[in-house]
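Okay, here's what each chain looks like letter by letter:
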Amino acid sequence: MMRRQQDQHSRIFYELSSLVLNIMRSPPSPIPFDDHSPVMTPASSSSRRPMSTQISPAGFASLLLGISLALMLCGSVTFFIGFFLMPWVLGLVMVFYVAGIVSSLSMLGRSILCYATTPSKPRKEVPAWKLL
């Protein structure tokens, strides 16, 4: 279960980082809207070259701002869930702790009571050949 969650988290971070790197490397080029020529001829399509545009500093800053905002929101939700569940986890730990103490005390009491209530019989003599 835990391994599957780690795989899912690592896959999500891998996809996010590859998306960011692809956007930084080659941002999507603008789509040309020509109202004058609805049908493109092969000659006109070969003469047009896609413009290689660089991402602007403001665009890069807004991209990083969006990524950091998404990570902060995910972290805040995770923190809230952990903060909400922490008393339940501590309560469960305390229940197991008390159960362990009760179990230890009952075993100690049983050993003392069983030793005290056994009748004292004279021990039989065990032959030496049975001890070997």
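Scroll up to find the structure.
Residues numbered from 1 in each chain as written. Predicted model: local features only at pLDDT ≥ 70, side-chain atom pairs only at ≥ 80, totals over all residues. Heavy atoms only, no water.

(A) Focus on the packing of aromatic side chains. This structure, assessed with the given rule, holds 2 aromatic pairs. Ring centres 5.9 Å apart and planes at 20 degrees place the aromatic pair F79 and F83 in the stacked group. With F79 and F83 both in helix α3 (residues 57-117), this residue pair falls 4 residues apart, about one helical turn. We classify F79 as exposed; its relative accessible area is 59%. What makes F83 exposed here is its relative accessible area of 59%. Between F80 and F84, the ring centres sit 6.4 Å apart and the planes meet at 20 degrees, which makes this aromatic pair stacked. (Phe/Tyr/Trp six-rings, centres within 6.5 Å; stacked < 30°, edge-to-face > 60°. Helix = DSSP H or I, 4+ residues; strand = E, 2+ residues; numbered from the N terminus. Buried < 20%, exposed > 50% of the residue type's maximum accessible area, 1.4 Å probe, protein only.)

(B) Expanded view of α3. Helix length check: α3 (61 residues) gives 87 Å between terminal C-alpha atoms against 90 Å at 1.5 Å per residue, within 8%. Remark: the principal bend of α3, roughly 40 degrees, maps to L85, with a proline, P87, within the next four residues. (Expected span 1.5 Å × (residues − 1). Bend = angle between axes of the 7 residues up to and from the residue.)

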